[in-house]
Amino acid sequence: MLIRDVMTTNVVTIPSSTSLADARRIMDAHRIRRLPVVDKGKLVGMVSRDTLDKAGPSKLTTFSVHELSYLLSKVTVKEVMKTDLVTVPPDATVEEAVTLAQSHKVGALVVLESGRVVGIATTNDIFYKIVNPMLGIDQPGIRLSIHKWEGIPNLQKILGIFGRFDAQIVTFYLMTHPDTGDRDFISHLKVSDPIGLMDELKKNGFEVHERAR
């Protein structure tokens, strides 16, 4: 999957001459937490709600509320914006984008195409559009963890047991067990007799546990 498949388009941008007060009003109006800063079509920075919060309260110790409001109407985002941004092209894979974001410890990537801002991809975008469906979050059913399943022959056996219980697989994946380092087989199932299914797996020698959803 490519980053263009998960990014938010129609990105709201602001020039660096925007006041902090106006930047906050724009964020509130659009219900967003970040604003790319663009001057003459070129990305020059990013301002976030956290940045605005940090720029305001620190002044409260020396300024009155009215003075602070006046100050925020005069200070521009150019003075507080982050300029060392991490960007990706829209044809970058999600895996590449996640690796890049993690290595730079950022929660959002600006998507550039031919130097123009075409999108923004946040960790929330990736969770909602990829991770949540992959894990079956908010889907009905049970999630089983089968330890030490030992490869393809046993996988065929597990799937055969699922079939005998008419279990519908919502999703499945492998996860490294935090204690043993073994690869557990995690399956999210819709099944009418989950207790019977688990008992049958145990009778066939599998160590199985129901995981919290």
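(A) Spatial organisation of the environment of Pro133. Of note, Pro133 is situated in helix H5 (residues 123-135). For the pair formed by Pro133 and Thr171, sequence separation is 38 residues and the distance between their alpha carbons is 8.2 Å. Residues contacting Pro133, with those up to four places away along its chain left out, are Phe127, Tyr128 and Thr171.

(B) Quick peek at the pairing of strand S7 (residues 168-176). The sheet contact formed by S7 and strand S8 (residues 183-190) spans eight bridges and is antiparallel. Its bridge partner being in S8, Leu174 is matched across the sheet by Phe185. The antiparallel pairing of S7 with S8 creates a hairpin that spans six residues between the two strands, and Gly181 there sits at a positive phi of about 80 degrees.

(C) Just helix H1 (residues 20-30), in detail. Listed as buried for H1 are Leu20, Ala21, Ala23 and Met27. Viewed end-on, H1 has its buried residues packed into an arc of 160 degrees, placing them on one side of the element. Exposed side of H1, more than 90 degrees from the buried face: Arg25 and Ala29 are the residues found there. Within two residues after H1, Arg31 carries a phi angle of roughly 55 degrees, on the positive side.

(D) Looking closely at a nonpolar patch on the surface. A contiguous nonpolar patch, built from Leu159, Ile169 and Phe172 and spanning about 260 Å² of accessible area, is present on the exposed surface. With respect to the helices and strands, the residue Leu159 is situated in helix H6 (residues 152-164).

Calculation notes
Residues numbered from 1 in each chain as written. Predicted model: local features only at pLDDT ≥ 70, side-chain atom pairs only at ≥ 80, totals over all residues. Heavy atoms only, no water. Helix = DSSP H or I, 4+ residues; strand = E, 2+ residues; numbered from the N terminus. Contact = heavy atoms within 4.5 Å. Pairing = 2+ DSSP bridges. Buried < 20%, exposed > 50% of the residue type's maximum accessible area, 1.4 Å probe, protein only. Arc of directions from axis to C-beta. Patch = residues over 30% accessible without salt bridge, like charges linked within 9 Å, V, L, I, M, F, W, Y side chains within 5 Å. Areas by Shrake-Rupley, 256 points an atom, 1.4 Å probe, with all protein chains shown as cover. Salt bridge = Lys/Arg side-chain N within 4 Å of Asp/Glu carboxyl O.

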